[in-house]
Amino acid sequence: MKNIKTLILIFCIILLSTHILLSKSEKSISLMVQWFPQAQFAGYIVAYEKGFYNEAGVDATILFSDGTDSPLQEVLDKRIEFCTGWLSQAIMLRSEQKKILNICQLLQKSSLMLVAKKESGIETAQDFNDKIISNWGGDFSIQPIAFFQKQNIQPEVIPQSFRIDGFLVGAIDVTSAMYYNEYHKILQAGIDEDELVSFFFTDYDLNFPEDGIYCREETLQNEPEMCKNFIDATIKGWAYAFQHKEETLDIVMKYCREYHMQTNRSHQRWMLNAIEIAMTYKVGDNSDNWGILQKDDYYTVAEELLHQKLITTIPLYKDFYKDVAHEK
Amino acid sequence: MKNEKVKVKRPLVRKLLLWIGLPLLMVYIIVILFTYFWSGDNALKQMKEYLFELTSHHACMLDGKFIKVSRASMGVADAIDEFAMPTQKELNALMKKKLSENRDIYGMAIAFDPYVYNKMKLFSPYVYHSGDEILDVDLALSYDYTLQDWFMIPKLLGTSYWGEPYFDEGGANILMATYSQPMYKDEKFIGVSTADISLDDLEREMNNIRIMAGHTFIITRTGTFIYHPIKEYMMNESIFSLAEEDNQPELREIGKKMIAGEQGITTFRDVTTGKKSWLVYSPIPDCDWSFAAVIPDKEIMKTVNSMVLKQIIIMVIGLFIILLVILWAAIGITNPIKRLLGFANKISKGDLDEKITGIRGHDEIHELVKAFNKMTFDLKHYISDLTAATKAKESVESELRIARQIQESLLPRIFPPFPDTEEFDLYARNIPAKEVAGDFFDFFMLDDDHIAIIIADVSGKGISAGLFMAVTRTLMKTVCVQGIPPADAMEKANIVLCQDNDACMFTTLFLAIYDIRTGHMHWTNAGHDEPIIISEDGSFKILKTFKDIALGINEFHKYHEGEAQLEIGNKMVLYTDGVIEATSPENELYGEERFIKILTENADKSLVEIMNVVTEDLDGFQKDNQFDDITILLLKREK
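Residues numbered from 1 in each chain as written. Chains lettered and ligands numbered in written order. Predicted model: local features only at pLDDT ≥ 70, side-chain atom pairs only at ≥ 80, totals over all residues. Heavy atoms only, no water.

A.B. asks: What is the right way to read the overall build of chain B from this model?
C.D. replies: Broken down by element type, chain B carries 13 helices and 22 strands. Over its C-alpha atoms chain B spans a radius of gyration of 68 Å, topping by over 25% the 26 Å that the globule rule assigns to 639 residues. Its C-alpha atoms give chain B principal-axis dimensions of roughly 195 × 50 × 45 Å. Taken over 639 residues, chain B has a buried fraction of 48%. Here the contacts in chain B between residues at least 6 apart in sequence split such that 63% fall between residues at least 24 apart. Counting 68 positive and 94 negative side-chain charges, chain B places the centres of these two groups 7 Å from one another. (Helix = DSSP H or I, 4+ residues; strand = E, 2+ residues; numbered from the N terminus. Rg over C-alpha atoms; globule rule 2.2 N^0.38 Å. Buried < 20%, exposed > 50% of the residue type's maximum accessible area, 1.4 Å probe, protein only. Contact = heavy atoms within 4.5 Å. Lys, Arg positive; Asp, Glu negative; His and termini not counted. Charge placed at Lys NZ, Arg CZ, Asp CG, Glu CD.)

A.B. asks: Would you mind showing me how to read the nonpolar core here?
C.D. replies: A general trend in soluble globular proteins is that nonpolar side chains are found buried together. Judged by nonpolar contacts, the single largest core of 109 residues is most densely connected at Tyr44, Phe82, Phe128, Phe230 and Trp238 of chain A. Mapping this core onto the domain boundaries places at least three of its residues in each of domain 1 (25–109 + 209–326) and domain 2 (112–204) of chain A. The contact partners of Phe230 of chain A, leaving out residues within four places of it in the chain, are Ile29, Leu31, Tyr53, Val58, Ala60, Phe82 and Ile213 of chain A. Ranked by size, the runner-up nonpolar core spans 72 residues in total, among them Tyr145, Trp150, Ala177 and Ile300 of chain B. (Core = buried A, V, L, I, M, F, W, Y, C linked by side-chain atoms within 4.5 Å. Domains from an automatic or database assignment.)

A.B. asks: Looking at this structure, I do not really get the environment of Ala72 of chain B. What am I missing?
C.D. replies: All names here are of chain B. Of note, Ala72 is situated in helix α1 (residues 12–82). Remark: the alpha-carbon pair of Ala72 and Leu94, spanning 22 residues in sequence, is separated by 10 Å. The contacts of Ala72, once residues within four sequence positions are left out, are Lys98, Ile105 and Met108.

A.B. asks: Would you mind going over the sheet that holds strand β17 (residues 520–526) of chain B with me for this structure?
C.D. replies: Two pairing modes exist for strands in a sheet, parallel and antiparallel, and in both the strands are linked by backbone hydrogen bonds. All names here are of chain B. One open sheet holds the five strands; their spatial order is β14-β15-β16-β17-β20, and the pairing between them is antiparallel. Taken across any chain shown, the strands that pair with only one partner, and hence form the sheet edges, are β14 (439–445) and β20 (562–565). Ignoring which end each strand starts from, the neighbouring axes of this sheet average 20° apart. Relative to strand β15 (residues 450–458), β14 runs antiparallel, the two being bridged by seven bridges. Across the sheet, Phe443 pairs through a bridge with Ile453, a residue of β15. (Pairing = 2+ DSSP bridges. Axes fitted to C-alpha atoms, helices over the stretch in contact; angles between N-to-C directions.)

A.B. asks: Help me understand the pairing of strand β7 (residues 156–159) of chain A in this model?
C.D. replies: Side-chain direction in a regular strand flips from residue to residue, so the side chains alternate between the two faces of the sheet. All names here are of chain A. Pairing of strand β6 (residues 132–135) with β7 involves four bridges; the strand directions are parallel. Residue pairing for β7: Ser134 is matched across the bridge by Ile158. On the question of chirality, the crossover connecting β6 to the parallel β7 by way of helix α6 (residues 139–151) is right-handed. (Right-handed = clockwise from strand over helix to strand, strands pointing away.)

A.B. asks: Teacher, can you tell me more about the domain arrangement of chain A here?
C.D. replies: Frequently, the measure chosen for interface size is the accessible area that the parts lose on association. All names here are of chain A. Segmenting chain A into domains produces domain 1 (25–109 + 209–326) and domain 2 (112–204). For domain 1 versus domain 2, the separation of C-alpha centres amounts to 26 Å. Contact residues are listed per partner, giving 20 residues for domain 1 and 19 residues for domain 2. Summed over both sides, the interface of domain 1 with domain 2 buries roughly 1800 Å², with 61% coming from carbon and sulfur. (Buried area = accessible area lost by both parts, 1.4 Å probe.)

A.B. asks: Would you mind showing me how to read the packing of aromatic side chains here?
C.D. replies: Here a ring pair, both rings aromatic, is described through the centre-centre distance and the interplanar angle of the planes. Applying the stated rule across the entire model yields 54 aromatic pairs over all chains. Here the aromatic rings of Phe424 of chain B and Tyr514 of chain B are separated by 6.4 Å at their centres, their planes lie at 75°, and the arrangement is edge-to-face. Note that Phe424 of chain B is positioned in strand β13 (residues 424–431) and Tyr514 of chain B in strand β16 (residues 507–515), a separation of 90 residues in sequence. This pair shows no difference in class: Phe424 of chain B is buried, exactly as Tyr514 of chain B is. Clustering of aromatic rings is evident, with ring pairs tying together Phe415, Phe418, Phe424, Tyr427, Phe441, Phe443 and Tyr514 of chain B. Above the face of the Phe167 of chain A ring, Lys117 of chain A is positioned so that its terminal group lies 5.3 Å from the ring centre. The aromatic ring of Phe52 of chain A is capped on one face by Lys236 of chain A, whose charged end is 4.5 Å from the ring centroid. (Phe/Tyr/Trp six-rings, centres within 6.5 Å; stacked < 30°, edge-to-face > 60°. Lys NZ or Arg CZ within 6 Å of the ring centre and 35° of its normal.)

A.B. asks: I keep staring at the domain arrangement of chain B and nothing clicks. Help me out?
C.D. replies: All names here are of chain B. Along its sequence, chain B is carved into domain 1 (60–197), domain 2 (202–300) and domain 3 (411–637). Taking only C-alpha atoms, the centre of domain 1 and the centre of domain 2 are 30 Å apart. The partner domain 2 presents 16 residues to the 15 residues of domain 1 that form the contact. Interface area, domain 1 with domain 2, both sides summed: about 1300 Å², of which 65% is carbon and sulfur. Among the residues domain 1 hides against domain 2, the three largest losses belong to Leu62, Trp162 and Glu164. Together they make up 40% of the total. If you look at where domain 1 meets domain 2, you find one salt bridge. The partner of Lys65 in a salt bridge is Glu205, and the shortest N-O contact between them spans 2.9 Å. Applying the counting criterion to the domain 1 and domain 2 interface returns seven residue pairs in polar contact (both at pLDDT 80 or more). Broken down by secondary-structure element, the contributors of at least two residues to the side of domain 1 that touches domain 2 are α1, β4 (161–162), β5 (166–168) and β6 (174–185). Ranked by residues supplied to the side of domain 1 that touches domain 2, first place goes to α1 with six residues. (Salt bridge = Lys/Arg side-chain N within 4 Å of Asp/Glu carboxyl O. Polar contact = N/O pair within 3.5 Å; in protein donor to acceptor, adjacent residues only side chain to side chain.)

A.B. asks: How do you make sense of the packing of helix α7 (residues 297–348) of chain B against helix α8 (residues 364–410) of chain B when you look at a structure like this?
C.D. replies: Two numbers describe a pair of packed helices, the interaxial angle and the distance between the axes. All names here are of chain B. The interhelical angle for the contact between α7 and α8, taken along N-to-C directions, is 10°, at an axis separation of 10 Å. Regarding the angle of α7 to α8, the classification is roughly parallel. Residues Ile333, Pro336, Ile337, Leu340, Phe343, Ala344 and Ile347 of α7 form the contact with α8, whose own contacting residues are Ile365, Leu368, Val369, Phe372, Asn373, Met375, Thr376 and Leu379. For the contact of α7 with α8, a count of residues per class yields 13 nonpolar, two polar and no charged. (Parallel < 35°, antiparallel > 145°, perpendicular 65-115°, else oblique. Nonpolar A, V, L, I, M, F, W, Y, C, P; charged D, E, K, R; others polar.)

A.B. asks: What is the right way to read helix α5 (residues 87–95) of chain A from this model?
C.D. replies: Residue and element names in this part refer to chain A. Counted residue by residue, α5 has eight buried out of nine residues, so it is predominantly covered. Listed as buried for α5 are Leu87, Ser88, Ala90, Ile91, Met92, Leu93, Arg94 and Ser95. Trailing α5 by a residue or two, Gln97 shows a phi angle of about 70°, which is positive.

Right, dumping it as structure tokens:
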């Protein structure tokens, strides 16, 4: 009797679950981006706020990382379905046989750069030698290390915090910066562009594409349609964001305030424009062409990772990247 | 008596106002315009200085706050430098003491460079306020502080450093800023001493600072607002982000000056209001921040304009007072003049009884009034004297008129005197110079054939002469009796006239007794002008006589007698010296020659016509300038 009751209960639960699953057309998923809300993630936020995900039948939730958790690891740990992340880190994970997939490479151009003040006497990378250079760790350090090797220089490198105060007060001569973020913060601290010397890694054959969308292999295998819908809605969100910048900034600023981000609209505007530059690099303005991971970019990054012994083998491009946006 | 209103076409008051007031007004207008522009500039300058000082003052006050905190941290650093490495307990005690001394300090830390303190990798004792308590903790247990800006930057810079403010999110979510002082031992960096200042009070303090109707703000060395009345700006916006958002490159330039620690005042478009405003900024040197005040241009101009307006109002009041003074002075001058004018008008109408009184002072007007009063007084007396004199004269004149009438009545007035007589014609005219003449003529028949003809000129004029003439005439009429020789008659009359002649009057006299049938005459002449005989053909001759002395001088004088024959048609002209001594306005004498000429030229005319011609000629010659009596007597023998 007890067994029958248990069986009936199990049956009911299965029935109910099936009913719920069948009756709900939208699949509830989460996307985690690398940092707190800012224009760097405008496309996702806009897609969410404008209801593009819902329209595409995806019940998406955006999660913002606080920097302590790694979104890619969160995906691998199956806590979330999608995340954004840098190509370099994803290649390293893939080379560790982690079943992570790039399903959309949005940013085509690296925004990472080194900045120095002209007044520090720096004109070329050769002038770095007896200077103090600050660098972030992790992914952010790969390009600078490669750059120093290429330039055959061995400057004193110290760890860099999230603030640029050391650079602003002159304690640090050369600082790492994201073109869309810290570089503009320097400008917003009263230093003019013509007072600065900039070194874009893209100019030194070190174009490491940054934000791409990642998921587990199984996610794409099990729910290819949902993945495509999600990617399409995301690209739609980005296209909308670039076409309606002020509206987008309204939305982004709302998020920034909610998350107590110390930022301002003009900074977010700069960021949005800079992200647009990075996204349309090589592929152009047409959103139909967005989301592609260029093979040569992939190998540029992978080979440098290999060179720096951060990976032992280069994962196959076709294993690593699935062009979901352009699948029929 | 009420003063008559005198209407003046262009009153002196108006003139004075026009001559003094108008130029003054123009000068004032120029001065006011000058004041407006110059004073506006000046007021603006003053205003700038005022704002400058006020802003500096507030910046200094804020600086003092930061200095106190940084000094406390420096004190700790110095203590560590001085002594051998203190124990953790000693360090905590030292910092707790500083903390309790200064409520502005939220927390203090000593952060040692790795392996400096007792060969520990990291060691950083931290004391902080927690409610009323002061707690302590080792930061090294929480995180690697060597990567923190507050540790790294002063280490790299080798100087103290005020970090950018941050929200202490772990704590009370308050705005904090950290001061870091690098510590050295034997010139080797050993760590930093820090002090956290809570900026929680800053907002309250800043809210209390009022600079006119503007607002204030504070930016850090990166231009970030750590105080702004718009709360959203705080920690989010920088002066440069506003410049960018508002597309105001000028504001960026201002911001650069501000973070460079400069002091200044400038105008810009206030981002919050979009209106032209003034920005006054002053550095807070200890932390390299900048304090600024934003005042709407309207407010400044309102104050400046009210300052200028005050000056202008004072000037306008001054002008008004001056105009009033001019008016008062003008009235003060013109009122007595007006009174004088009214007074003069009255005088002109003969009212001399009034005297001007009530005009005070010792000026020219007063002197004029005095002169006027004296003049009126003199005039009054003069007029009364004159009136008396005129009255007297008028009575004399009226008497003279009567005397003249009497005298005229004495002279024969009807011509021709003997209309029935055909043998001769006689015509005479007396033109007296004065009311009473001294001349006279007379003729009267002594019998049927003889007529006595007399012409005389009494010495002197007027009543006395008239009376003497009357006496002489009566006397002559009495002494000339039928058949008496003229000389006898003359002597008799002379004797009478000489007697009792106290006035010593005398008379010239010509007496002829003419026989109307024969034309023969006997004559005697007592000093008179000799008669002229005019022929019908125009020739003439003067009857030569013995010129005896005039009557009334010598009673014993024997008068001579002569004879003469007047032919038919001839005329005898008797005259007094008034004729030939008649004087023109040019002082020319009429003369005997001219007299004879006019007589001879008109010899063919009747006696009346001749008389008219002669008297007209005399009138024309003298032109109302007759000094002496004129008497002419014409006798013509008709057959």
